[in-house]
Amino acid sequence: MEEPDPHDVRAAKAGDLSAFEALVRRYQLDVYRFSLHLTRDALAAEDVTQDTFVRAYRSIGRYRGNSRFSTWLFSIARNCIHDEYRRAARQARLTTKLEAGEASHAAADATSAPEVREALATLPRDLLEPVVMIDLFGFSYREVSQLSGVSEGTIKSRMHRARQQLADLLGPDVREDADEI
Amino acid sequence: MRSDLSCERVRAELSARLDDEGGAEPSARFDAHLADCGGCRHFEATQHLVRQALRLEVLPDAPDVTAGVMKAIARRPQRDVWAFRIRLASVAAIAAALVVLAATLPILERTPQTAQASEITQRVFAAARTLDSYRATFDIEERGWHADVPVRRFRGQVWYRAPERFRLRVRDLSAYPTGAWPSNDVDLVASPSRSWIREPYSCPPPALPGCAIRAGVEERTLVRRQPFDGTTRIPSDIVIPLETLVESDAFEVVGTQEVTGRSALHVVLTYSQAFPLVDALQAGGSWAPLLPLDRVDVWLDESSWFPLAFEVTRPGLDQPVLRVTTTSLREGDLLGASLFRAPAGGTIRDGGFSGDEQLRATGPHVPRYVAGLEPYRSGTTGSGATLVAFARGTTYLKITKAGGASRAGLDEPAEVVELRTGSFGLYRPAEPDSGRTIDLFRAETHVRLESNLRREQLLEVAASLPLEGAAPRKVRGGDKLIVRITPEQLGSISFARRPTELPGGYGPFSALLARDPRGADLTMIYLQSESGLEGSEIRVFQSSRVVMLPPISHDAVAVNLPGAAARWAPQRGELEWIGDDGIYRAIRAPSFDLPTVLGIARSLR
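Residues numbered from 1 in each chain as written. Chains lettered and ligands numbered in written order. Predicted model: local features only at pLDDT ≥ 70, side-chain atom pairs only at ≥ 80, totals over all residues. Heavy atoms only, no water.

Would you mind going over the overall build of chain B with me for this structure?
Scanning chain B from N- to C-terminus turns up eight helices and 30 strands. Counting every position in chain B, which comprises 605 residues, the buried fraction comes to 56%. Partitioning the intrachain contacts of chain B with sequence separation of at least 6 by distance along the chain shows that 63% fall at a separation of at least 24. Of the roughly 24900 Å² of accessible surface on chain B, a fraction of 50% belongs to carbon and sulfur atoms. (Helix = DSSP H or I, 4+ residues; strand = E, 2+ residues; numbered from the N terminus. Buried < 20%, exposed > 50% of the residue type's maximum accessible area, 1.4 Å probe, protein only. Contact = heavy atoms within 4.5 Å. Areas by Shrake-Rupley, 256 points an atom, 1.4 Å probe, with all protein chains shown as cover.)

Encoded structure:
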């Protein structure tokens, strides 16, 4: 993912609202897309996106630049998404959707390959999250590890498991073939 | 014959290699297994399929949260004390008749008659250009400011004279528990050359009434104010909601209602869209926070487009958070300049602008086309730049010309726009402290145009600037370099590909290379030679900076190109893909259908 101009980040840290607004404009679609994949709810994704940037503004003074800005921003988005999970779980709304693997209409529109979308919808949250971060946004294992608070080895393993699950769902039955080994 | 590696290990390696994290398995054994195992080859193909599908995904209508975010954070302490809290707009209006409304404006439902939002936007814009003067009185009722003060009431008065004289007076009529609570009285006066505001020392409502900040008011004055100064923009959306209704797809038309005998158009939008109007009466002082998705109902006079009333409501609350009702309004009155004479009290800041005694509205930095605006003021800014402003009603255009050393704004995010003169500019949308801007550069000149005209109009204005000399081939600012490229030079750009097949009569017109440490963008424009500059352009954009297809909001469809999957956005007439060389390419040709554009794409060499 493209990184912002360091000048913008420095200015935003110094309280320059126009610089921060430039960051919002630049990253809001990425954050929204990330949120939409993980919540599968357009309204929730919009709320998460807005909340992410409001929280980012509050804490940008503590951003020290020792990670990519996008990684730092997505870590905030991830926290917002988990807050949304908790909020939705209380309402027994989003959780039901996720467990049922049911995508909302908005999420259904969000990919151009229905079979891939349906396959992704079956992934549990701990597998879906690294797939979205790595396959869609190009984060490294190390960055996802930092974002998720689990080891790089775990991320690598989750990606393998997620891809195996997706391969099982997409296309011919490869398990038989594999079992021949 | 397969190697002794298991499918599990091979697939783990395939997965890691896709993510540039592989290398654990010896290549020869790995390759041998893969060559012989259909299951693992399917695994490999599937993981590519998923990645490609994700990166080709098309978003449904993605929301723009910018306004909501900025509004939410603007209420925090970093607020610029020099800035009025709201985005300015402009004022406006209509003929000359006197309109006096009754003291209250009960809203009576009538048979709805839905108007087209785009037509409303056009009419509001037209009204904004013709307004001379306006005065109105408002009743303001607010809830949710403080738990101990369930409701507050205010009387607001506004006077406006086009284009830049504005006066606001807000008087707090609320009943507070004790005299220790601050009264939220606000005064604001703006004239072409000065602005002044007086407001109570602000304190977070939760800290009231025992706020540590001493009670009292503060005053700030800006002298030698530049025309349409960004930090003291006038909240003129209260007069005509030009900024609020600038996007016709941002509001919903409910129908027509009767408001005390007047036909009023009822529109609904969110606070994130309506804040230029809603905040206009809250230019200073302390107010209850509003949320981006709060619903705002606005009733607009169908003849003058003045807002007659508006309400802000929030789900779960029985009563509106804010209700503003116009109790009287008049237009066309002769409002003397003395009414807008700003005092010079409190902290004084010098804006540094020196106005010319005689208006200079001609010269090489004055465009031939000014969208029907009239010369307004000219002079010199504090930094020595020459400035000329045009205005009509609440619409304005400001042109600032600085010496060649000025490259202000070049390193700020901006869109490179090609003008039909073969020149280029840097376009930025409106900001809270600025209208829409276009920066143009010459060898010794930097010209900035700022306006609340529509983008298309501003581009036309920029194209009509009779700047001396040709646009420079290179412009450098910060770490960004913009270079004009000749067709012959394209061969020296490693990632550049040129279309070898174009629709009849089309040929190369201009090419720009924008480069910084993160990569380079190349924009090539092709026009139809027979029709000169009037042909519908074909734009070929290539970028080494864009590593994956950017999100878009259109109903795009997936199409195939040799060696790449692409997506086609029919409304924009744009085809996008990332080639096997990792370069992002996009062809925008709104005048052509998909087969034609695909033909252009396939001909890139």
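What is the right way to look at the overall build of chain A in this model?
What chain A contains, in helices and strands, is 11 helices and zero strands. Each helix and strand of chain A, placed in order from N terminus to C terminus, yields the pattern α-α-α-α-α-α-α-α-α-α-α. The 181 residues of chain A split such that 55% are buried. Of the roughly 7600 Å² of accessible surface on chain A, 47% is carried by carbon and sulfur atoms.

Please clarify how helix 2 (residues 27-36) of chain B should be interpreted in this entry.
Because each turn of an α-helix spans 3.6 residues, side chains separated by three or four positions end up pointing in the same direction. Residue and element names in this part refer to chain B. If you check which residues of helix 2 are buried, you get Phe30, His33 and Leu34. Buried residues of helix 2, viewed axially, fall in a sector of 95 degrees; they line one side. Away from its buried face, by an angle of more than 90 degrees, helix 2 presents the exposed residues Ala28 and Ala35. Among the structural elements, helix 1 (7-18) and helix 3 (38-55) are those in contact with the buried residues of helix 2. (Arc of directions from axis to C-beta.)

I keep staring at the state of the cysteines and nothing clicks. Help me out?
Two cysteines form a disulfide when their sulfur atoms are joined by a covalent bond. Residues and elements named next belong to chain B. For the structure shown, the criterion picks out zero disulfides over all chains. There is no disulfide at Cys7, and the cysteine sulfur nearest it, in Cys40, is 3.7 Å away. We note that Cys37 lacks a disulfide partner, and the nearest cysteine sulfur, in Cys40, lies 3.5 Å from it. (Disulfide = S-S within 2.5 Å.)

Quick question: what am I supposed to make of the confidence of the model for chain B here?
It should be kept in mind that the predicted coordinates are not to be read in detail where pLDDT is low. All names here are of chain B. For chain B, the mean per-residue pLDDT works out to 80, and 83% of the residues sit at or above 70. Here residues 76-115 is a poorly scored stretch, pLDDT under 50, and it has 144 contacts once near neighbours within four places are set aside; other chains count. Every residue in residues 530-535 is under pLDDT 50, and counting partners more than four places away or in other chains gives eight contacts. (pLDDT = per-residue confidence, 0-100.)

So what exactly am I meant to see when it comes to the packing of helix 2 (residues 17-39) of chain A against helix 3 (residues 42-59) of chain A here?
When two helices pack together, their arrangement is given by the angle between the helix axes and the distance between those axes. Residues and elements named next belong to chain A. The geometry of helix 2 relative to helix 3 is characterised by a closest axis approach of 8 Å and an angle of 145 degrees between their N-to-C directions. Judged by the sense of rotation from one axis to the other, the crossing of helix 2 with helix 3 is right-handed. Between helix 2 and helix 3, the residues in contact are Leu17, Phe20, Leu23, Val24, Tyr27, Gln28, Val31, Tyr32, Ser35, Leu36 and Thr39 and Ala42, Ala44, Ala45, Glu46, Val48, Thr49, Thr52, Phe53, Ala56 and Tyr57, respectively. Looking at the contact of helix 2 with helix 3 residue by residue, the classes come out as 15 nonpolar, five polar and one charged. (Axes fitted to C-alpha atoms, helices over the stretch in contact; angles between N-to-C directions. Left-handed = near helix turned anticlockwise from the far one by under 90°. Nonpolar A, V, L, I, M, F, W, Y, C, P; charged D, E, K, R; others polar.)

Mind showing me how you'd approach the side chain of Arg220 of chain B here?
Residue and element names in this part refer to chain B. Of note, Arg220 is situated in strand 7 (residues 217-223). Take Arg220: its relative accessible area is 6%, and that puts it in the buried class. At 3.1 Å, the side chain of Arg220 forms a polar contact with the side chain of Glu199. (Polar contact = N/O pair within 3.5 Å; in protein donor to acceptor, adjacent residues only side chain to side chain.)

Hey, could you run me through the side chain of Ser15 of chain B in this one?
Tracing the backbone through its elements, the reader meets Ser15 of chain B in helix 1. Those residues in contact with Ser15 of chain B that sit more than four places away from it in its chain are Tyr141, Met159, His160 and Arg163 of chain A together with Phe43 and Gln47 of chain B.

For this particular structure, what's the right way to read the pairing of strand 2 (residues 133-146) of chain B?
Every regular strand shows the same layout, with side chains that alternate between the two sheet faces. Residue and element names in this part refer to chain B. Within strand 2, 11 of the 14 residues are buried, which leaves it mostly tucked inside the rest of the structure. Relative to strand 3 (residues 149-161), strand 2 runs antiparallel, the two sharing 12 bridges. In the sheet register, Thr137 faces strand 3, and the bridge partner there is Gln157. Examined bridge by bridge, strand 2 and strand 12 (residues 322-331) share nine bridges and lie antiparallel to one another. Directly across from Tyr134, in strand 12, lies its bridge partner Glu331. (Pairing = 2+ DSSP bridges.)

Would you mind showing me how to read helix 9 (residues 141-148) of chain A here?
The element helix 9 of chain A is largely enclosed, with a buried count of six among its eight residues. When helix 9 of chain A is considered as a whole, its buried residues turn out to be Tyr141, Glu143, Val144, Ser145, Leu147 and Ser148 of chain A.

It is not clear to me how the nonpolar core should be interpreted in this structure. Could you clarify?
A general trend in soluble globular proteins is that nonpolar side chains are found buried together. Residues Ile238 and Leu449 of chain B are the most contacted members of the largest nonpolar core, which totals 82 residues. For this core, the element with the highest residue contribution is helix 5 (residues 117-130) of chain B, accounting for six residues. When residues of this core are assigned to domains, at least three map to each of domain 2 (80-175 + 233-331) and domain 3 (354-475) of chain B. The next biggest cluster of nonpolar side chains, apart from the first, holds 57 residues, and it includes Val9, Phe139 and Val144 of chain A together with Ala16 of chain B. (Core = buried A, V, L, I, M, F, W, Y, C linked by side-chain atoms within 4.5 Å. Domains from an automatic or database assignment.)

Even after reading the chapter, I still don't get the environment of Ala337 of chain B, so can you show me in this structure?
Among the structural elements, Ala337 of chain B can be located in the loop between strand 12 and strand 13 (347-350). What Ala337 of chain B contacts, discounting residues up to four positions off in sequence, is Arg161 and Arg165 of chain B.

Can you help me understand the packing of aromatic side chains in this one?
The geometry of an aromatic ring pair is captured by two quantities: the separation of the ring centres and the angle between the planes. Enumeration over the complete set of coordinates arrives at 16 aromatic pairs over all chains. Measuring from ring centre to ring centre gives 6.1 Å for Phe34 of chain A and Phe137 of chain A, while their planes differ by 85 degrees; the resulting arrangement is edge-to-face. In this pair, Phe34 of chain A is assigned in helix 2 and Phe137 of chain A in the loop between helix 8 (125-136) and helix 9, connecting sequence segments 103 residues apart. Considered together, Phe34 of chain A and Phe137 of chain A belong to a single accessibility category, that of buried residues. The rings of Phe34, Phe74, Phe137 and Phe139 of chain A are connected pair by pair, giving a single aromatic cluster. The ring of Phe30 of chain B carries the charged tip of Arg17 of chain B above its face, separated from the ring centre by 3.9 Å. (Phe/Tyr/Trp six-rings, centres within 6.5 Å; stacked < 30°, edge-to-face > 60°. Lys NZ or Arg CZ within 6 Å of the ring centre and 35° of its normal.)

Looking at this model, I keep getting lost on the pairing of strand 5 (residues 186-191) of chain B. Mind explaining?
All names here are of chain B. Of all the six residues making up strand 5, six are buried; the element is thus mostly covered by neighbouring parts of the structure. Of the two faces of strand 5, both are covered, the one formed by Val186, Leu188 and Ala190 as well as the one formed by Asp187, Val189 and Ser191. In this sheet, strand 5 lies alongside strand 4 (residues 165-172) in antiparallel orientation, the contact comprising five bridges. Considered in strand 5, the bridge of Phe166 is made with Ala190. Direction of pairing for strand 5 relative to strand 6 (residues 194-200): antiparallel, over a ladder of five bridges. When the sheet's bridge partners are listed, Leu188 is paired in strand 6 with Ile197. Hairpin connection from strand 5 to strand 6: two residues lie between these consecutive antiparallel strands.

How should the pattern of salt bridges be read in this particular structure?
Oppositely charged side chains are able to pair whenever their charged atoms sit close together. Residues and elements named next belong to chain B. Overall, the coordinates contain 39 salt bridges over all chains when judged by the stated rule. Glu141 is the salt-bridge partner of Arg153, the closest N and O atoms lying 3.3 Å from each other. Pair noted here: Arg153 is in strand 3 and Glu141 is in strand 2, with a separation of 12 residues, a long-range link. What makes Glu141 buried here is its relative accessible area of 16%. Glu199 serves as the salt-bridge partner of Arg220, at 3.1 Å between the closest nitrogen and oxygen. Residue Arg220 is found in strand 7, and its partner Glu199 is found in strand 6; the two are separated by 21 residues along the sequence. Judged on exposure class, the residue Arg220 and its partner Glu199 are both buried. Three or more residues are tied together by salt bridges with common partners; here these are Glu141, Arg143, Arg153, Glu311 and Arg323. (Salt bridge = Lys/Arg side-chain N within 4 Å of Asp/Glu carboxyl O.)

What exactly am I supposed to notice about the confidence of the model for chain A here?
Of the residues in chain A, 80% have a pLDDT of 70 or more, and the chain-wide mean is 78. Counting contacts from residues 173-181 of chain A, a segment whose pLDDT is below 50, to residues more than four positions away or on other chains yields 18 contacts.

Is there a simple way to explain unusual backbone geometry in this structure?
Of all residues except glycine, most have a negative phi; of all peptide bonds, most are trans. At the junction of Ala162 of chain B and Pro163 of chain B, the peptide bond is cis and its omega measures out at -5 degrees in the coordinates. Considering the arrangement of structural elements, one finds Pro163 of chain B in the loop between strand 3 and strand 4. One non-glycine residue, Arg40 of chain A, lies in positive phi territory at about 55 degrees. Tracing the backbone through its elements, the reader meets Arg40 of chain A in the loop between helix 2 and helix 3.

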